[in-house]
Each structure stands twice: as structure tokens, then as C-alpha cells.
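# Analysis of the macromolecular model
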Amino acid sequence: MYKVAYHPIYHHKVPLGHRFPMEKYDLLPLELLQTGIIKPEQLFEPGVVSEEAILYTHCPIYWEKLKNQSLSKAEIRKTGFLLSDELILRERILTQGTIDAARYALKDQIAFNIAGGTHHAFATSGEGFCLLNDQAIACNYLLTKQQISAALIIDLDVHQGNGTAH
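Predicted, not measured: the structure shown is a model, and the values here were computed from it.

### Observations regarding the nonpolar core
- Counting residues in hydrophobic clusters, the biggest one holds 35 residues, and the most contacted among them are Tyr10, Tyr25, Leu66, Ile99 and Ile114.
- Where this core is concerned, the elements lending two or more residues are strand S1 (3-5), helix H1 (24-34), helix H2 (51-54), helix H3 (60-67), helix H5 (85-108) and helix H6 (134-144).
- Ignoring any residue separated from it by four or fewer positions in sequence, one finds Tyr10 in contact with Ala5, Met22, Tyr25, Pro46, Arg90, Ile93, Leu94, Gly97, Asn113, Ile114 and Ala115.

### Remarks on a nonpolar patch on the surface
- A cluster of nonpolar side chains, namely Leu152, Ile154 and Leu156, defines an oily patch on the protein surface of about 410 Å² accessible area.
- By the element assignment, Leu152 lies in the loop between H6 and helix H7 (162-165).
- Taking the relative accessible area as the measure of exposure, Leu152 reaches 70% and is therefore exposed.

### Focus: H6
- Regarding H6, the residues found buried are Asp134, Ala136, Ile137, Ala138, Cys139, Tyr141 and Leu142.
- Where the residues of H6 are buried, they touch H2, H5 and strand S3 (111-113).
- Immediately beyond the C-terminal end of H6, within one or two residues, lies Gln146, with a positive phi of roughly 55°.

### Concerning the pattern of salt bridges
- With the rule as written, the count across this model stands at six salt bridges.
- Among the ionic pairs, Lys67 bridges to Glu64, the shortest N-O distance being 3.0 Å. With Lys67 and Glu64 both in helix H3 and three residues apart, this pair spans about one turn of that helix.
- When its relative accessible area of 26% is taken as the criterion, Lys67 is described as partly exposed.
- Given a relative accessible area of 36%, Glu64 falls into the partly exposed group.
- With a shortest N-O distance of 3.3 Å, Asp108 and Lys107 are connected by a salt bridge.
- Each of Glu51, Glu64 and Lys67 takes part in one network of salt bridges that share partners.

### Some words on the side chain of His12
- Along the chain, His12 turns up in the loop between S1 and H1.
- Discounting chain neighbours no more than four positions away, the residues touching His12 are Met22, Ser84, Glu86, Leu87 and Arg90.

### Here we look at the packing of aromatic side chains
- Summed over the entire model, instances satisfying the criterion amount to nine aromatic pairs.
- Ring plane angle 75° and centroid distance 5.6 Å describe the contact between Phe20 and Phe81, whose orientation is recorded as edge-to-face. Highlighted residues: Phe20 in the loop between S1 and H1 and Phe81 in the loop between helix H4 (73-79) and H5, separated in sequence by 61 residues. The burial state of Phe20 is the same as that of Phe81; both residues are buried.
- On the numbers, 5.2 Å between centres and 55° between planes, the contact of Phe81 with Phe129 is tilted. Of the two residues, Phe81 is situated in the loop between H4 and H5 and Phe129 in the loop between S3 and H6; the sequence distance between them amounts to 48 residues. Each of the two residues, Phe81 as well as Phe129, counts as buried.
- Members of the aromatic cluster, joined through ring pairs, are Tyr6, Tyr10, Phe20, Tyr25, Phe81 and Phe129.
- The ring of Tyr104 has Lys3 lying over it, and the distance from NZ or CZ to the ring centre is 5.9 Å.

### What to know about the sheet that holds S3
- With parallel pairing, the three strands of this open sheet are ordered in space as S2-S1-S3. Looking at strand neighbours, the two that pair on one side only are strand S2 (43-44) and S3, the edges of this open sheet.
- The sheet contact formed by S1 and S3 spans three bridges and is parallel. Residue pairing for S3: Val4 is matched across the bridge by Phe112.
- Of the strands in this sheet, S1, S2 and S3 touch H5, which is tilted by about 175° from S3.

Calculation notes
Residues numbered from 1 in each chain as written. Predicted model: local features only at pLDDT ≥ 70, side-chain atom pairs only at ≥ 80, totals over all residues. Heavy atoms only, no water. Core = buried A, V, L, I, M, F, W, Y, C linked by side-chain atoms within 4.5 Å. Buried < 20%, exposed > 50% of the residue type's maximum accessible area, 1.4 Å probe, protein only. Helix = DSSP H or I, 4+ residues; strand = E, 2+ residues; numbered from the N terminus. Contact = heavy atoms within 4.5 Å. Patch = residues over 30% accessible without salt bridge, like charges linked within 9 Å, V, L, I, M, F, W, Y side chains within 5 Å. Areas by Shrake-Rupley, 256 points an atom, 1.4 Å probe, with all protein chains shown as cover. Salt bridge = Lys/Arg side-chain N within 4 Å of Asp/Glu carboxyl O. Phe/Tyr/Trp six-rings, centres within 6.5 Å; stacked < 30°, edge-to-face > 60°. Lys NZ or Arg CZ within 6 Å of the ring centre and 35° of its normal. Pairing = 2+ DSSP bridges. Axes fitted to C-alpha atoms, helices over the stretch in contact; angles between N-to-C directions.

Right, dumping it as C-alpha cells:
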């Protein structure tokens, strides 16, 4: 039985009229459960990713600025979100969800993260509603821990994940 990462923090409060559809992170698991695609026991709540794992992918200077909410106005604008402690915690939990799902997939052949796919985040910056690149972090985590020897990310979004591609 495959696992699905979900945490209530995935639905981050954004200002009224914000163009990012955060409600999808509550609606997707409900739809999967209501249609019988998954059972409640398949859902799991991830913890918080370690700074060590983040630094397998992201530049220490960027991580420090993000963590301390000291990005410039231009850097914040590129992310599309207003920074807050809760948003950064969300990103860390989301990223751990992808690492955990990847580890479950090694055992069960498949797993996924409801909020995974933050493919616009570069090693040195956030962009396009992506602050940490969860997929790159998960791959680098598994490679560093020698749980895999190679990784391939297939991005099926309608536009290129420029951070992941870079």
C-alpha cells in the first residue's frame, strides 16, 4: 500500500485574492479519499526537514537569508509569497514530505507528496511560489545517504521547472 504525504500546514494562509490556489492542498486529499483512490491510513504527516538536508542542495547564504527572513524586497517578490515563520515551516515540512515519500517509493515502488514539486527554486534563490526545491533536496539526500545511485526527475507541469532544470 503506497503512502501519501499530507500536512494541514500545506494550506498556507495567503492574502485574499492571491493568485496561488492554496485550497488545492486541502481539496486534493479529500478528493482522493472520497473517490476511494486512497484510504486514510495511506496518508502520513511528515516532520520538519533538517538544515543539513536543505544544505545538500541550497546555498548556505540563501538558506540563512530565507530562514532569517532577510531576503531583499526583489527576492521576496520573485517568490510570490510574503515571508513568515509559518511559511518557512510549511516549506520545511513539505520538503520532508518529499524525502519521506521518496524513501517509501524505494520500498513500495510508488508514493507521493500532495504539495511536492517546488521546481522553480534554485540553489541560490526562490521563485514562482517555490522557496526550497523539495525534489532536488530529496534526490541529493538519497544520493548522499547512498540510498540511491542516480535520480531522474520527470517534470510533468505545464511549464518548465527552471530551478530543477538548472
